[in-house]
Amino acid sequence: MNNYLITIEYDGSNFVGWQRQKNGISVQETIEKKIKKILKTKIKLIGSGRTDKGVHARSQFANFFTTKKIEDKKKFLNSINFFLKKSLISIIDIKKKKLNFNSRYSAKERVYEYKIINRLGSLSLDHNRAWHIKSKLDIKLLRLGAKILVGRHDFSTFRSSSCSAKSPIKNMRTVKVKKKGDEILITFKSQSFLQNQVRSMVGSLSYLARKKWNLKEFKKIFKSRKRGLCAPPAPACGLYLKIVKY
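Residues numbered from 1 in each chain as written. Predicted model: local features only at pLDDT ≥ 70, side-chain atom pairs only at ≥ 80, totals over all residues. Heavy atoms only, no water.

Some words on the overall build of the protein chain
Note the following rule: Every helix listed is a DSSP run of H or I at least four residues long, and every strand listed is a run of E at least two residues long, numbered separately from the N terminus. For the radius of gyration, the atoms used are the C-alpha atoms, and the globule rule reads 2.2 Å times the number of residues raised to 0.38. Contacts are assigned to residue pairs with any non-hydrogen atoms lying within 4.5 Å of each other. Each accessible area is a Shrake-Rupley result for a 1.4 Å probe, and residues are judged covered by the shown protein chains and nothing else. Positive charge is attributed to Lys and Arg, negative charge to Asp and Glu, and no charge count is given to His or to the chain ends. To locate a charge, the coordinates of NZ of Lys, CZ of Arg, CG of Asp or CD of Glu are taken.
The secondary structure content of the protein chain amounts to 5 helices and 10 strands. Its C-alpha radius of gyration of 19 Å places the protein chain within 12% of the 18 Å reference for a compact globule of 246 residues. Dimensions of the protein chain along its principal axes, counting C-alpha atoms only, are 60 × 40 × 30 Å. Long-range contacts, defined as pairs at least 24 residues apart, comprise 70% of the intrachain contacts of the protein chain with a sequence gap of at least 6. Here the protein chain has roughly 13300 Å² of accessible surface; of this, 50% comes from carbon and sulfur atoms. Taken together, the 57 basic and 16 acidic charged side chains of the protein chain have centroids lying 4 Å from each other.

A few points about the pairing of strand β3 (residues 56-66)
So the rule is basically this: When accessible area is computed with a 1.4 Å probe and restricted to protein chains, residues below 20% of their type maximum are described as buried, those above 50% as exposed, and intermediate ones as partly exposed. If DSSP finds at least two bridges between two strands, the strands pair.
Taken across its 11 residues, β3 has 9 buried, putting it largely inside the fold. Pairing geometry for strand β2 (residues 46-47) and β3, over 2 bridges, is antiparallel. Considered in β3, the bridge of G47 is made with A62. With 2 bridges joining them, β3 and strand β10 (residues 239-245) adopt parallel strand pairing. Its bridge partner being in β10, H56 is matched across the sheet by Y240.

A word on the pattern of salt bridges
Short version of the rule: Just to be clear on terms, a salt bridge is a Lys or Arg side-chain nitrogen sitting within 4 Å of an Asp or Glu carboxyl oxygen.
Here the structure, examined in full by the defined rule, presents 14 salt bridges. As a salt-bridge pair, E32 and R20 come within 2.6 Å of each other at their nearest N and O atoms. Taken together, the positions of E32 in helix α1 (residues 27-39) and R20 in the loop between β1 (2-10) and α1 put the pair 12 residues apart, joining distant regions of the chain. Exposure remark for E32: the relative accessible area of 6% places this residue in the buried category.

This is the structure we're talking about:
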């Protein structure tokens, strides 16, 4: 038996998410079908994490087991990317791993990046790839709010009602805000995240930066652990799974 790890980049705009679902085409299902075509055997991908409908990935990881040995890495990558090209999915790399490696449970850190374009003019190049906010954002408030999220907390306020995680307590290692021109990037680092957590945090940070909430209100809502008080989640189009570290 062989265990292979693939690195994946994709535009999530036209998918129901990473995970195979009955209500539409997923990234997982699309890749599984193409690998089956090449290896002539059915495989099941184990993803490092689930991305929601419309969420993108710069470096998603997934492993699969097969009795087939991939002798020529270059040939495999050229073949799989030929079949995936129209789907806007790319397999960047493939590596053989030990049999006990699991792309989800072996992960030590996940990094998500959220992209905001803060300007009046509509988006062309970043259409479906960023959140367009026309109203002026207070970057100082955005950074102060980001600092409050760092550390070990109960993130129930930012947790989807359908989240299956055993505990709402997560350790947010860093939350960094970078601004260049009208582009704002917010980077979140943690070993794991709750369902909808990042988008909910960004939505709430935007309320703070737009001065719909003050810093005291933001902190109070975060500490309340009440999902009903959370701001509307930021749209999926601005969210990227940046990297998973092992």
